[in-house]
Amino acid sequence: MKVADAIGLFLKDHVRHVFCISGGASLHIIHGIVNAGIQIVCPQNEQAAAFQADCYARIRGMACALATSGPGATNLITGIATSYYDSVSCLYLTGQQTRSRLKGSSPVRQIGFQETPIVDIVKPITKYALTVMDVDEVIPALQLAISIAKEGRPGPVLLDIPDDIQRAHI
């Protein structure tokens, strides 16, 4: 089974809808979500997706928004901040460049197309943010993220998932 399909099956136990704009670094996750029978809601932009997830979570208790890498991921930031300051449990997922194309400790700004350090950017406005760097970490990271989002004072969490991990099999 592809990791993206496992993500969809995991999410099926937590949300009925995922708010997202499609992009190259998130297409595998989108397919996994659709294959799991979760409805995709496509707003006009990623910022709207983040706000829709925030609003939905206020009613249902948990929601998920998904964006691609780079500008798609950074467009979620205002909605993530809203969830953080208003204590709303949301899971934000972002696609990321394949691991072999990540700059790592290199002094260059980026190696991979639209590579953006979204985890570093959102850490101050999330309860938990992680780039998943190992196939075997995906489901445990999702479980932990959902738990953290709901425990204590609720709030948003973000998982950044590289494209090669989404395509891998578990």
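Residues numbered from 1 in each chain as written. Predicted model: local features only at pLDDT ≥ 70, side-chain atom pairs only at ≥ 80, totals over all residues. Heavy atoms only, no water.

Draft legend 1. Highlighting the pairing of strand 4 (residues 90–96). Taken across its seven residues, strand 4 has seven buried, putting it largely inside the fold. Burial along strand 4 is two-sided: C90, Y92, T94 and Q96 facing one way and L91, L93 and G95 facing the other are all buried. Pairing analysis gives five bridges linking strand 3 (residues 63–67) to strand 4, with the strands arranged parallel. Bridge pairing in strand 4 links C64 to L91. Two strands pair when backbone bridges link them, and strand 4 and strand 6 (residues 156–162) are joined in this way by seven bridges, in the parallel orientation. Considered in strand 6, the bridge of Y92 is made with L158. (Buried < 20%, exposed > 50% of the residue type's maximum accessible area, 1.4 Å probe, protein only. Helix = DSSP H or I, 4+ residues; strand = E, 2+ residues; numbered from the N terminus. Pairing = 2+ DSSP bridges.)

Draft legend 2. Highlighting the nonpolar core. I7, L11, L91 and L93 are the most contacted members of the largest nonpolar core, which totals 32 residues. Mapped onto this core, the elements with two or more residues apiece are helix 1 (3–12), strand 1 (17–20), helix 2 (27–35), strand 3, strand 4, helix 7 (138–150) and strand 6. Considering each element in turn, this core owes the most residues, seven residues, to helix 7. What I7 contacts, discounting residues up to four positions off in sequence, is I29, L93, V138, I139, L142 and I161. Within the second largest apolar cluster, 22 residues are counted, among which are F19, A53, A57 and V119. (Core = buried A, V, L, I, M, F, W, Y, C linked by side-chain atoms within 4.5 Å. Contact = heavy atoms within 4.5 Å.)

Draft legend 3. Highlighting the pattern of salt bridges. Taken as a whole and assessed by the stated rule, the structure comprises four salt bridges. R58 serves as the salt-bridge partner of D86, at 2.7 Å between the closest nitrogen and oxygen. Here the residue D86 occupies a position in the loop between helix 5 (77–85) and strand 4, and R58 occupies one in helix 3 (residues 46–60), the gap between them amounting to 28 residues. By relative accessible area, which is 44% here, R58 ends up partly exposed. Here the salt bridges do not stand alone but share partners, grouping D54, R58 and D86 into one network. (Salt bridge = Lys/Arg side-chain N within 4 Å of Asp/Glu carboxyl O.)

Draft legend 4. Looking closely at unusual backbone geometry. With a phi angle near 55 degrees, S87 is a residue other than glycine that sits in the positive phi range. Looking at the element boundaries, S87 is found in the loop between helix 5 and strand 4. Judged by relative accessible area, which is 21%, S87 ranks as partly exposed.

Draft legend 5. The packing of aromatic side chains, seen in detail. According to the stated counting rule, one finds two aromatic pairs in the structure shown. Judged by centre distance (5.4 Å) and plane angle (65 degrees), the rings of F19 and Y56 are edge-to-face. Linking F19 in strand 1 with Y56 in helix 3, this pair joins segments that are 37 residues apart in sequence. You can call F19 buried: its relative accessible area is 6%. Classification of Y56 by relative accessible area gives buried; the value is 16%. On the numbers, 5.3 Å between centres and 75 degrees between planes, the contact of Y84 with Y85 is edge-to-face. (Phe/Tyr/Trp six-rings, centres within 6.5 Å; stacked < 30°, edge-to-face > 60°.)

Draft legend 6. Local environment of helix 5. Within helix 5 the residues assigned to the buried category are G79, I80, A81 and S83. Residues of helix 5 that are buried make contact with helix 3, strand 4, helix 6 (118–122) and strand 6. In the stretch just after helix 5, S87 is the one whose phi turns positive, near 55 degrees.

Draft legend 7. Region of the structure containing the environment of T68. Topologically, T68 is positioned in the loop between strand 3 and helix 4 (71–74). With a relative accessible area of 9%, T68 lands in the buried category. Separated by 29 residues in sequence, T68 and Q97 have C-alpha atoms that sit 9.4 Å apart. The contacts of T68, once residues within four sequence positions are left out, are G23, G24, A25, S26, A73, T94 and G95. Engagement of the side chain of T68 in a polar contact is seen with the backbone nitrogen of A25, the distance being 3.0 Å. (Polar contact = N/O pair within 3.5 Å; in protein donor to acceptor, adjacent residues only side chain to side chain.)

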